[in-house]
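# Examination of the molecular architecture
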Number of protein chains: 2
Amino acid sequence: MKIVNQNERASLRRRVDQGTEDQRKSVQSIIEDVKNDGDQAVLRYTEQFDRVSLPDYKVTTEEFEQAYDSLDGEFVTILEEAAANIRAFHEKQLSTSWFDTSPDGTILGQKITPIDAVGVYVPGGTAAYPSSVFMNVIPAQVAGVERIAMVTPPGSDGSVPAGVLIAAHILGIQDVYKVGGAQAIAALAYGTETVPAVDKITGPGNVYVALAKREVFGDVDIDMIAGPSEIAILADETARANEVAADLLSQAEHDARSSSVLVTTSRELAEGVQLEVQEQLKELPRQDIARQSVEDYGMILLCETWDEAVDTINEIAPEHLEVITEDPFQHLAKIKHAGAIFLGPYSSEPVGDYFAGPNHVLPTNGTARFSSPLNVDDFVKKSSVISYSQQALQQNGDKIARFARLEGLEAHARAVETRKERWK
Amino acid sequence: MKIVNQNERASLRRRVDQGTEDQRKSVQSIIEDVKNDGDQAVLRYTEQFDRVSLPDYKVTTEEFEQAYDSLDGEFVTILEEAAANIRAFHEKQLSTSWFDTSPDGTILGQKITPIDAVGVYVPGGTAAYPSSVFMNVIPAQVAGVERIAMVTPPGSDGSVPAGVLIAAHILGIQDVYKVGGAQAIAALAYGTETVPAVDKITGPGNVYVALAKREVFGDVDIDMIAGPSEIAILADETARANEVAADLLSQAEHDARSSSVLVTTSRELAEGVQLEVQEQLKELPRQDIARQSVEDYGMILLCETWDEAVDTINEIAPEHLEVITEDPFQHLAKIKHAGAIFLGPYSSEPVGDYFAGPNHVLPTNGTARFSSPLNVDDFVKKSSVISYSQQALQQNGDKIARFARLEGLEAHARAVETRKERWK
């Protein structure tokens, strides 16, 4: 891991895979096929891409039961505790409808309504994470979404990972479909004989899933297209090098394109972390991925002043930020852009991935400048409510009509003026 | 305007202009040029598309002053009152950061931060609306956005409509740039010598603007791509036909693709409105547009039962909904999807376009199923805050490590376990 002086660093590279023109065309034709042929197209593409021929693809009660047989009960208890923590945190995000009344009789307000139906994409293979199920489904449930469907690609034996099924079952999700890729996104967006259409699709996936989400966006809503994971650690000389290194590597092991950055004013810490990363790498099962990630996208940035260090963090706008300093809370006001902020030496990033409660679906690639962790507000929408009284219209009608005419909209003006008959 | 039985109607057509492949390519090359050549490219495209050669394109103090000379003071007062109402409504939308502490010392929270810089696109020509300036800028200001830039295409004489400049000036916006189209979106997204880059772009525009917003999305945030305006009116026999007709026409005059729908159980009202629409159309200056809109996308839906009428509204998920019935508030609970809900006979839709306070930037084309009026939350973002205590990590560390290992992420488990040294 390179140590670089802050003023000598090049700007950080973007790592979003936008897909090729061929990939985009292929995704478009898969979506068209699923729109036209429904289940038949879904099963055809499942056979082609997942190499398994399925008679149907809704997960059965028996499959849920088998999943429980394959995991021990103690682990199920951990999952349940995590789910309860995540639910408790997200319940605090609930917004409420409000109204405000004026003396002239006007009532203005904002009504909050949950989205009717949501689809959650859960990746397959090595990235089949029960925690993904929790982080996508629980905010939707807390928001009051009535119908939640889950899709996940089947393995070549036609099965779905037990952890994913148990996570779904813990949350009471019954509609799980064994379908992945662009065909899964199309099925959720437009519906098939088996899968009823939804209004919003969330959850991470490969480049085909991301491209398909972009295609269906507008017909349904989608969450952000996530890039590879990233962490920045803002640390002073009180941080321990072995802990900082371990946290950097916990991101690096996700993906060869993951990014791990330490920002510090302490040369001693910088050098200690550099050594520790080399040492700890040797012991990791996913060391090939982690080493590649650290070499390509890892960096130790040495800053002259603490203000410069904080500015650097805001410039990076990291997905995960750890602040490991003597009094981490004192820096909170200055941190403007970060998906999740972990304060102090005990708040190792994995604490937030699984267990503490906040969401692990976070803005990547600097998008924390303008976007937020997945949250309950992503699963509700607002409606403005306007109830004008006769008195209010009598007082303001002429002004409104005049405003409309300035904008050249005569029918707008007349719509207001036609009410005058009521008080003549 | 056709009267159609609810059970005989075809589903409503979508009216989003996705652009052609040629338009998309042209937009991509404009964006590339502005990225590479900055101001030079901006001024070249302005000459090409707006047919005016400008030496520079930032609006000067003199231009603001000239705008005031061209409009009378009474109208400025109306604009100021509208701005105050809009500000008062949006101030009620402000979310606050929150924290929650546990007995074990854990602190979890959510920090709200405004987006740093926002760009607002204001269309030119006949659609140059001061109200658009208010509705896009005020929520950003209430959110605490520090820097707001505005772009709007110049006329062939190099000027910008006075109403737009005055609206900007009332809000204290000084950075107004005379540039439109895809080149304006590119300048905002990537910056030029004259225009500093922003983090989010909002505001409506033609198909080139919409395509450019789609292209830069991800590098910056954007608001929804809006379709043509639409209104649905849910009315019973207590509604007056002339008022309902006037309100339908106030949407129809916007655009030949605007949609105006009456949903009612009263045949008498249906027939009365049909007649009134014909009569009132004759008197409208924009009658060609309004007539086309009513013929192509207007409809009077006659329902058998009131429940059917309400279901129809939820299926349409209209941008604007008027409820004109004996006791309109009693229907509020049943209305699930609508951008803005206008209750009672005095809440004519134009009241909300200009003056009452709620935003007039609303979800169109059925997207009220999953999206909201433009609001203060669109200009802030959240950061999760996690401060775990030693006690919390001691109690939960092993569970977290186990969860990580189930997901195959060993470095995650070790990051947590390395802290154990601290309490050995």
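None of the values given here were measured: they were computed from a predicted structure.

Residues and elements named next belong to chain B. With 12 residues, helix H2 (residues 39–50) should reach 16 Å at 1.5 Å per residue; the first-to-last C-alpha distance of 15 Å fits that figure. Taken as a whole, H2 has its buried residues at Asp39, Ala41, Val42, Leu43, Tyr45, Thr46 and Asp50. Buried positions along H2 lie against helix H1 (21–37) and helix H7 (181–190). A positive backbone phi angle near 55° is found at Arg51, which sits one or two residues after H2.

How large an interface is tends to be reported as the accessible area lost when its parts come together. In this assembly, 120 residues from chain B lie in contact with 119 residues from chain A. Across the chain B/chain A interface, buried area totals approximately 11000 Å², and carbon plus sulfur atoms make up 57% of it. Looking only at chain B, the three residues that lose the most surface to chain A are Tyr346, Phe403 and Arg422 of chain B, adding up to 8% of its buried area. Across the chain B-chain A interface, the total number found is 20 salt bridges. A salt bridge links Asp247 of chain A to Arg419 of chain B, with the nearest nitrogen and oxygen atoms 2.7 Å apart. The interface formed by chain B and chain A contains 72 residue pairs in polar contact (both at pLDDT 80 or more). Its residues assigned to classes, the side of chain B that touches chain A shows 55 nonpolar, 30 polar and 35 charged. Relative to strand E13 (residues 340–343) of chain B, strand E14 (residues 380–387) of chain A runs parallel, the two being bridged by three bridges. Counted as the bridge partner of Val385 of chain A is Ile341 of chain B from E13 of chain B.

This part takes up the relation of the copies chain B and chain A. When chain B is fitted onto chain A, the two copies agree to an RMSD of 0.0 Å after a turn of 180° and an axial shift of 0.0 Å. This pairing of chains is accounted for by a two-fold axis. In this assembly, 99% of the residues forming the interface of chain B have copies in chain A that are likewise at the interface, indicating an isologous arrangement.

Glancing now at the domain arrangement of chain A. Residue and element names in this part refer to chain A. Taken domain by domain, chain A consists of domain 1 (21–222), domain 2 (228–370) and domain 3 (389–423). Taking only C-alpha atoms into account, the centre of domain 1 sits 30 Å from that of domain 2. Counting residues at the interface gives 13 residues for domain 1, matched by 11 residues for domain 2. Carbon and sulfur atoms supply 59% of the area that domain 1 and domain 2 bury against each other, a total of about 940 Å² over both sides. The interface formed by domain 1 and domain 2 holds three residue pairs in polar contact (both at pLDDT 80 or more) in total. Broken down by secondary-structure element, the contributors of at least two residues to the side of domain 1 that touches domain 2 are helix H4 (73–91) and helix H5 (130–143). Considering every element that reaches the side of domain 1 that touches domain 2, the biggest residue donor is H4, with seven residues. Looking at the side of domain 1 that touches domain 2, its residues break down into seven nonpolar, five polar and one charged.

Right, let's get into the side chain of Asn314 of chain A. Residues and elements named next belong to chain A. Structurally, Asn314 is set in helix H12 (residues 306–316). Taking relative accessible area as the criterion, Asn314 reaches 11% and is therefore assigned buried. A polar contact of 3.0 Å, which involves the side chain of Asn314, links it to the backbone oxygen of Lys334. Separated by 2.7 Å, the side chain of Asn314 and the backbone nitrogen of Lys336 make a polar contact. Those residues within four positions of Asn314 in sequence are excluded, and the remaining contacts are Lys334, Ile335, Lys336 and His337.

Attention shifts here to the sheet that holds strand E9 (residues 230–235) of chain B. Reading across from one edge, E2(A)-E3(A)-E14(A)-E13(B)-E12(B)-E9(B)-E10(B)-E11(B)-E1(B) is the order of the nine strands in this open sheet, with mixed pairing throughout. A single partner strand is all that each edge strand has here, and the edge strands are strand E2 (98–101) of chain A together with strand E1 (3–5) of chain B. Direction aside, neighbouring strands of the sheet carry axes that sit 20° apart on average. In the sheet, E9 of chain B pairs with strand E12 (residues 320–324) of chain B via five bridges, with the strands oriented parallel. Considered in E12 of chain B, the bridge of Leu234 of chain B is made with Val323 of chain B.

Turning our eyes to something else, we now look at the UniProt feature "binding site: NAD(+)" (unreviewed entry) in chain A. All names here are of chain A. Sites flagged by UniProt as "binding site: NAD(+)" (unreviewed entry) map to Tyr121, Gln183 and Asn206. These annotated residues cover 86 residues of sequence, and their C-alpha atoms lie no more than 12.6 Å from one another, placing them together at a single site. Along the polypeptide, Tyr121 turns up in strand E4 (residues 117–121). For Tyr121, a relative accessible area of 4% gives the class buried.

Another point: the environment of Ser258 of chain B. Residue and element names in this part refer to chain B. Examined against the element boundaries, Ser258 turns out to sit in the loop between helix H9 (241–252) and strand E10 (259–264). Exposure remark for Ser258: the relative accessible area of 0% places this residue in the buried category. Along the sequence, Ser258 and Val142 sit 116 residues apart, while their C-alpha atoms lie 31 Å from each other. A distance of 3.3 Å separates a polar atom in the side chain of Ser258 from the backbone oxygen of Gln251.

So, on to the UniProt feature "active site" (unreviewed entry) in chain A. Residues and elements named next belong to chain A. The residues that UniProt annotates with the feature "active site" (unreviewed entry) are Glu319 and His320. Inspection of the secondary structure puts Glu319 in the loop between H12 and strand E12 (320–324). Under the relative-accessibility criterion, Glu319 is labelled buried at 6%. Every residue in contact with Glu319, bar those within four places of it in the chain, is listed here: Pro228, Ser229, Glu230, Ala338, Gly339, Ala340, His360, Leu362, Pro363 and Thr364. Engagement of the side chain of Glu319 in a polar contact is seen with the side chain of Ser229, the distance being 3.1 Å. Among all residues touching His320, those that are not within four sequence positions of it are Ser229, Glu230, Ile231, Ala232, Gln251, Ala340, Phe342, Glu349, Asp353 and Leu362. Within the structure, His320 has its side chain in polar contact with the backbone oxygen of Glu230 (distance 2.9 Å).

This paragraph deals with a negative patch on the surface. All names here are of chain A. The grouping of Glu237, Glu268, Glu326 and Asp327 at the surface amounts to a negative patch. Within the element layout of this structure, Glu268 appears in helix H10 (residues 267–281). Classification of Glu268 as exposed rests on a relative accessible area of 70%.

Time to look at the packing of aromatic side chains. In this structure the tally under the stated criterion is 12 aromatic pairs over all chains. An angle of 45° between the planes, with centres 5.2 Å apart, marks the rings of Trp98 of chain A and Phe89 of chain B as tilted. Of this pair, Trp98 of chain A sits in strand E2 while Phe89 of chain B sits in helix H4 (residues 73–91), placing the two residues on different chains. You'll find Trp98 of chain A and Phe89 of chain B in the same group, each marked buried.

Following the criterion strictly, the structure yields 50 salt bridges over all chains and no others. Between Glu417 of chain A and Arg405 of chain A there is a salt bridge whose closest N-O contact spans 2.9 Å. Taken together, the residues span a long stretch of sequence, with Glu417 of chain A in helix H15 (residues 410–417) and Arg405 of chain A in helix H14 (residues 390–406) at a distance of 12 residues. On the basis of relative accessible area, Glu417 of chain A is assigned to the partly exposed category, the value being 25%. The residue Glu21 of chain B makes a salt bridge to Arg24 of chain B at a minimum N-O spacing of 3.7 Å. Taken as a pair, Glu21 of chain B and Arg24 of chain B lie in helix H1 at a separation of three residues, close to a single helical turn. Residue Arg24 of chain B is classed as partly exposed on the basis of its relative accessible area, which comes to 24%.

Thresholds applied
- Residues numbered from 1 in each chain as written.
- Chains lettered and ligands numbered in written order.
- Predicted model: local features only at pLDDT ≥ 70, side-chain atom pairs only at ≥ 80, totals over all residues.
- Heavy atoms only, no water.
- Helix = DSSP H or I, 4+ residues; strand = E, 2+ residues; numbered from the N terminus.
- Expected span 1.5 Å × (residues − 1).
- Buried < 20%, exposed > 50% of the residue type's maximum accessible area, 1.4 Å probe, protein only.
- Contact = heavy atoms within 4.5 Å.
- Buried area = accessible area lost by both parts, 1.4 Å probe.
- Salt bridge = Lys/Arg side-chain N within 4 Å of Asp/Glu carboxyl O.
- Polar contact = N/O pair within 3.5 Å; in protein donor to acceptor, adjacent residues only side chain to side chain.
- Nonpolar A, V, L, I, M, F, W, Y, C, P; charged D, E, K, R; others polar.
- Pairing = 2+ DSSP bridges.
- Least-squares fit on C-alpha atoms with pLDDT ≥ 70 in both.
- Domains from an automatic or database assignment.
- Axes fitted to C-alpha atoms, helices over the stretch in contact; angles between N-to-C directions.
- UniProt positions renumbered as here; feature names shortened; annotations may be inferred.
- Patch = residues over 30% accessible without salt bridge, like charges linked within 9 Å, V, L, I, M, F, W, Y side chains within 5 Å.
- Areas by Shrake-Rupley, 256 points an atom, 1.4 Å probe, with all protein chains shown as cover.
- Lys, Arg positive; Asp, Glu negative; His and termini not counted.
- Charge placed at Lys NZ, Arg CZ, Asp CG, Glu CD.
- Phe/Tyr/Trp six-rings, centres within 6.5 Å; stacked < 30°, edge-to-face > 60°.

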